[in-house]
Amino acid sequence: QAQTVESGGGLVQAGDSLRLSCAASGRTFSSSTVGWLRQAPGKEREFVAAISWNRRNTIYADSVKGRFTISRDTAKDTVYLQMNSLKPEDTAVYYCCAASMSTPRYYSGDYKCWGQGTQVTVSS
């Protein structure tokens, strides 16, 4: 069964950094656009960042632009999200999701998520 395994979350203070990882299980990311989405309590899941299958295109939500960096290691079939200068409003469960389009898009509905996510909590 296809799924993703997210890791790297935790409890940090405002201004700290975390690096999230996402490994494919039962499927491969090699030909997919991959995105990170997040969901805070009581809120809808929202788009955070995405990277094309060939790493040529990356896009970010305005709220994380300049602080977060998405990357992928094709050999390891793993996608990362480096998060710097974390803020309390970044607190959420972060999901790694895949999409069929070759060019990343900002609409969260374009992405399919299989994993349990990883919790990121930022204290002030």
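Here is a short report on the structure shown in this document. Remember, it's a predicted structure, so these values are computed and weren't measured experimentally. (Residues numbered from 1 in each chain as written. Predicted model: local features only at pLDDT ≥ 70, side-chain atom pairs only at ≥ 80, totals over all residues. Heavy atoms only, no water.)

### Let's talk about the sheet that holds strand β3 (residues 18-25)
Reasoning step 1: Read from one edge to the other, the open sheet built from 4 strands follows the order β1-β3-β8-β7, with strand pairing classed as antiparallel. Bordering the open sheet on either side are β1 (3-7) and β7 (68-73), each of which pairs with just one other strand. Going across the sheet, the axis of each strand differs from the next one's by a mean of 20°, ignoring polarity.
Reasoning step 2: The sheet contact formed by β1 and β3 spans 5 bridges and is antiparallel. Looking at the pairing, serine 7 lines up with serine 21 of β3. (Pairing = 2+ DSSP bridges. Helix = DSSP H or I, 4+ residues; strand = E, 2+ residues; numbered from the N terminus. Axes fitted to C-alpha atoms, helices over the stretch in contact; angles between N-to-C directions.)

### Let's talk about the state of the cysteines
A covalent bond between the sulfur atoms of two cysteines is what we call a disulfide.
Reasoning step 1: One pass over the full model with this rule turns up 2 disulfides.
Reasoning step 2: The side chain of cysteine 22 participates in a disulfide bridge whose partner is cysteine 96; the two sulfur atoms lie 2.1 Å from each other. Between cysteine 22 and cysteine 96, the S-S dihedral sits near -80°, and the bridge is therefore left-handed. Separated by 74 residues along the polypeptide, cysteine 22 in strand β3 and cysteine 96 in strand β9 (residues 92-99) bring together distant segments of the chain. Just as cysteine 22 is buried, cysteine 96 falls in that class too.
Reasoning step 3: For cysteine 97, the disulfide goes to cysteine 113, at an S-S distance of 2.0 Å. Taking the torsion about the S-S bond as the criterion, the cysteine 97 to cysteine 113 disulfide, at about 95°, is right-handed. Residue cysteine 97 is found in strand β9, and its partner cysteine 113 is found in strand β10 (residues 112-113); the two are separated by 16 residues along the sequence.
Reasoning step 4: What makes cysteine 97 buried here is its relative accessible area of 0%.
Reasoning step 5: With its disulfide-bonded cysteines labelled consecutively along the sequence, the protein chain is connected as 1-2, 3-4. (Disulfide = S-S within 2.5 Å. Buried < 20%, exposed > 50% of the residue type's maximum accessible area, 1.4 Å probe, protein only.)

### A word on the nonpolar core
In summary, soluble globular proteins display a tendency toward joint burial of nonpolar side chains.
Reasoning step 1: By size, the foremost hydrophobic cluster in this structure holds 36 residues, and its most contacted members are Trp36, Leu81, Met83 and Tyr94.
Reasoning step 2: For this core, the secondary structure elements donating two or more residues are β3, β4 (33-39), β5 (46-51), β6 (58-60), β7, β8 (78-83), β9 and β11 (118-123).
Reasoning step 3: It is β9 that contributes the most residues to this core, 8 residues altogether.
Reasoning step 4: With residues near it in sequence (within four places) discarded, leucine 81 still touches Leu18, Arg19, Leu20, Trp36, Val48, Ala49, Phe68, Thr69, Ile70 and Tyr94. (Core = buried A, V, L, I, M, F, W, Y, C linked by side-chain atoms within 4.5 Å. Contact = heavy atoms within 4.5 Å.)

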